[in-house]
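Structural features, examined
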Amino acid sequence: DIQMTQSPSSVSASIGDKVTITCRASQPFTNWLAWYQQKPGKAPQLLIYAESILKHGVPSRFSGSGSGTQFTLTISSLQPDDFATYYCLQTNTFPFTFGPGTTVD
Amino acid sequence: EVQLVESGGDLVQPGRSLRLFCAASGFNFGDSAMHWVRQVPGKGLEWVAGLGWNSETIAYADSVKGRFTISRDNANKTLFLQMDNLRTEDTALYYCVKDMNIVVVAAALHGFDVWGQGTLVAVSS
C-alpha cells in the first residue's frame, strides 16, 4: 500500500497569505493525485485532480504540482472561504489512500 | 441538481450486518464509477470501496475486504454497500461518492466530484 503523509498537520494563516501544503508518498508515482477541501460538518469537495488540473469552478488561487513522492497544494492568496481541512488522495495503486489532512486556520 | 443521498445507517452490534443505500439523481449514474468513503467523526477520510459503471471493475480497502460488498443498480440509480461481520472500528460516517472516471482501475484519473452528506454507522455492544 502507498502511505500518504501531509505536512504541516495544521497551519495558522491570515487573509492574503500564501499557503503551501505538502503531501508525501511512500512510493513514487506521477499524475494520480487529487486534493480535497472539507469544511466542518460538510462533505469534502474536489479541488484538483490529476495532480494539477483544477476542477471547473475552483478559484485559480488554488494550484497543484509535484511528482515522484512529493506533491504540493498552493493557495496563492488565502481568502476567508479557504479556512478548512485539506486532504490529498492517491489513486495510483490499490487501495486508494488519503493523507491525514492539513487544517488551515 | 446533481445529488447523492445516503441512507441505511444505524446502531448495530458487533458481528451483525447492515446495508447502506445511495440514491443518485441529476446525472447519468450509469456513466460513472462510484465509491464509498468513510470518516470517523473528527478524524480523516478512508476510501472503502469502488465500483465501475458496469460492475466489472471493483476494489476494496484491505480493512473491509471479505466483509463488505459494493454493488449497484443502474436502472434505479442506486449504489449499495453490504456490510457483514461489522466491527467497532467500522463506526464512521459513510459517504457515497461519484467518480469522474467510469471504471475503477489503478494508475488512472479519478476525481471524486460529487459527495453525499453521509449516513452514520455505529457499531457497539
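Coordinates for the structure precede this section.
In this report, we go over the structure that sits alongside the text. Each chain has its residues counted from 1, running along the sequence as written. Each chain gets a letter, beginning with A, and each ligand a number, beginning with 1, in the order they are written. Only residues with pLDDT of at least 70 are given local features in this predicted model, and only at 80 or more are side-chain atom pairs given and counted; all residues enter the totals for whole chains, interfaces and linings. Side-chain descriptors were evaluated using all non-hydrogen atoms of the structure, hydrogens and water having been removed beforehand.

Focus: the sheet that holds strand β7 (residues 62-75) of chain A
Residues and elements named next belong to chain A.
- In spatial order, the strands read β1-β3-β7; together these 3 strands make up an open sheet with antiparallel pairing. If you trace the sheet from one side to the other, it starts and ends with β1 (4-7) and β7, each paired once. The mean inter-strand angle of the sheet, taken between neighbouring strand axes irrespective of direction, is 20°.
- Pairing geometry for strand β3 (residues 19-29) and β7, over 7 bridges, is antiparallel. Paired with threonine 20 across the strands is threonine 74, a residue of β7. Only strands joined by at least two bridges in the DSSP assignment are considered to pair. Going along the chain from the N terminus, every DSSP run of H or I of four or more residues is numbered as a helix, and every run of E of two or more is numbered as a strand. Note on method: axes are straight lines fitted to C-alpha atoms, helices fitted across the in-contact stretch only, with angles between N-to-C directions ranging 0 to 180 degrees.

A closer look at the pattern of salt bridges
- We define a salt bridge as a contact between a side-chain nitrogen of Lys or Arg and a carboxyl oxygen of Asp or Glu at a distance within 4 Å. Evaluation of the coordinates by the stated rule reveals 7 salt bridges over all chains.
- For lysine 39 of chain A, the salt bridge is made with aspartate 81 of chain A, and the minimal N-O distance between the two is 2.3 Å. Taken together, the residues lysine 39 of chain A in the loop between β4 (33-38) and β5 (45-49) and aspartate 81 of chain A in the loop between β7 and β8 (85-90) connect sequence positions 42 residues apart.
- Per-residue accessibility, obtained with a 1.4 Å probe over protein chains only, is compared with the maximum for each type, and a residue is labelled buried under 20%, exposed over 50%, and partly exposed between these values. Taking the relative accessible area as the measure of exposure, lysine 39 of chain A reaches 25% and is therefore partly exposed.
- With relative accessibility at 47%, the residue aspartate 81 of chain A sits in the partly exposed group.
- The salt bridge involving glutamate 46 of chain B is made with arginine 38 of chain B; its shortest N-O contact spans 2.7 Å.
- According to the relative accessible area criterion, arginine 38 of chain B is buried, its value standing at 5%.
- Several salt bridges converge on common partners, so that one network encompasses Arg38, Glu46, Arg67 and Asp90 of chain B.

Focus: the interface of chain B and chain A
- Contacts between chain B and chain A engage 27 residues on the former and 22 residues on the latter.
- Put simply, buried area is how much 1.4 Å-probe accessible surface two parts lose in total, over both of them, once they are put together. For the pair chain B and chain A, the two sides together bury roughly 1900 Å², of which 68% comes from carbon and sulfur.
- Polar contacts, as counted here, are pairs of nitrogen or oxygen atoms within 3.5 Å of one another; within protein the pair requires one atom able to donate a hydrogen and one able to accept it, and residues that are adjacent in sequence qualify only if both atoms are side-chain atoms. The tally of links from chain B across to chain A stands at 9 residue pairs in polar contact (both at pLDDT 80 or more).
- Elements with a contribution of two residues or more to the side of chain B that touches chain A: β4 (34-39), β5 (45-51), β6 (58-60) and β10 (112-115) of chain B. We call two residues in contact when some of their heavy atoms are within 4.5 Å.

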